[in-house]
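# Observations on the model geometry
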Amino acid sequence: MARPHPYGIMVNEGNVHDIDVDDSDRWSVSWSSPYSLPTCHPFSLTLILCRCEYIFYRGLYWTSYARISRGIITIGQFVLPRHGHGVTNDTLKARYLRSEKEELHVDHWFPMEYYGDDIQGGVDGHYYHVFNTPLYYKISEGAIL
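Since we're looking at a predicted model, the values are computed, not measured. (Residues numbered from 1 in each chain as written. Predicted model: local features only at pLDDT ≥ 70, side-chain atom pairs only at ≥ 80, totals over all residues. Heavy atoms only, no water.)

## Things to note about the overall build of the protein
Each helix and strand in the protein was counted, giving two helices and eight strands. Reading the protein from its N terminus to its C terminus gives the helix and strand order α-β-β-β-β-β-β-α-β-β. Within the protein, buried positions represent 37% of all 145 residues. Intrachain contacts of the protein at a sequence separation of at least 6 include 65% that bridge at least 24 residues. As displayed, the protein offers around 8,500 Å² of accessible surface, 55% of which is attributable to carbon and sulfur atoms. (Helix = DSSP H or I, 4+ residues; strand = E, 2+ residues; numbered from the N terminus. Buried < 20%, exposed > 50% of the residue type's maximum accessible area, 1.4 Å probe, protein only. Contact = heavy atoms within 4.5 Å. Areas by Shrake-Rupley, 256 points an atom, 1.4 Å probe, with all protein chains shown as cover.)

## Remarks on the environment of Gly-125
Tracing the sequence through the fold places Gly-125 in the loop between α2 (92-95) and β7 (128-129). Using a relative accessible area of 54% as the deciding quantity, one classes Gly-125 as exposed. In sequence terms Gly-125 and Tyr-114 are eleven residues apart; their C-alpha atoms lie 9.0 Å from each other.

## Points about the nonpolar core
Counting residues in each nonpolar core, the largest one holds ten residues, listed as Ile-19, Ile-55, Tyr-57, Leu-60, Trp-62, Tyr-65, Phe-78, Tyr-96, Leu-135 and Tyr-137. With seven residues, the next largest nonpolar core counts Ala-66, Ile-68, Phe-110 and Tyr-128 among its residues. (Core = buried A, V, L, I, M, F, W, Y, C linked by side-chain atoms within 4.5 Å.)

## Quick look at the confidence of the model for the protein
One rule of thumb: low pLDDT means the predicted coordinates there are not for detailed reading. Across the protein, the average pLDDT comes to 79, with 74% of residues at or above 70. When pLDDT is averaged over each element of the protein, strand β8 (residues 135-136) comes out on top at 95 and strand β2 (residues 33-37) at the bottom at 37. With pLDDT under 50 throughout, residues 29-42 is counted as low confidence; its partners more than four residues away or in other chains account for 33 contacts. (pLDDT = per-residue confidence, 0-100.)

## Looking at the pairing of strand β5 (residues 61-68)
Counting buried positions along β5 gives eight out of eight residues, so the element sits mostly inside the fold. Where β5 meets strand β6 (residues 73-79), seven bridges bridge the pair, whose relative direction is antiparallel. If you follow Ala-66 over to β6, its bridge partner there is Ile-75. Looking at chain direction, β5 and β8 are connected through two bridges and run antiparallel. Residue Ser-64 lies in a different strand from β8, and its bridge partner there is Tyr-136. As paired strands, β5 and β7 are joined by two bridges and run antiparallel to one another. Looking at the pairing, Arg-67 lines up with His-129 of β7. (Pairing = 2+ DSSP bridges.)

## With respect to unusual backbone geometry
Of note in the backbone geometry, Asn-15 takes a positive phi value of approximately 55° without being a glycine. For Asn-132, which is not glycine, the phi torsion reads 65° and is therefore positive. Among the secondary structure elements, Asn-132 is positioned in the loop between β7 and β8.

Structure (structure tokens):
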């Protein structure tokens, strides 16, 4: 499915990054309700977005991403660079360097309870969808946190 307008303007001219350029399943929904909740880690940020098409970020280290129950809930977790510093490596390759969850601080791990499918597992019918698991990403080497 084609990305909706003004995706190209936001990414190319707005200098923001799509949370997952390969996740085209998001483009079938029509409205968004962003919620921002801090995690226990003082320099972390968790974004919980419901029914979103556009999920952009800039100036953050992306650590994890999950889609729950047919894409209704999308969660991205990020780490802020230390005040006065920017992201040290903002290339596509650096942003998409996968990690095992154990390589990240426990605050960035998603709950095990949501593994399952529409037949069994998950919590109250909600389970990791699209990738069937959360995705975890390495923080760039040399990052100043």
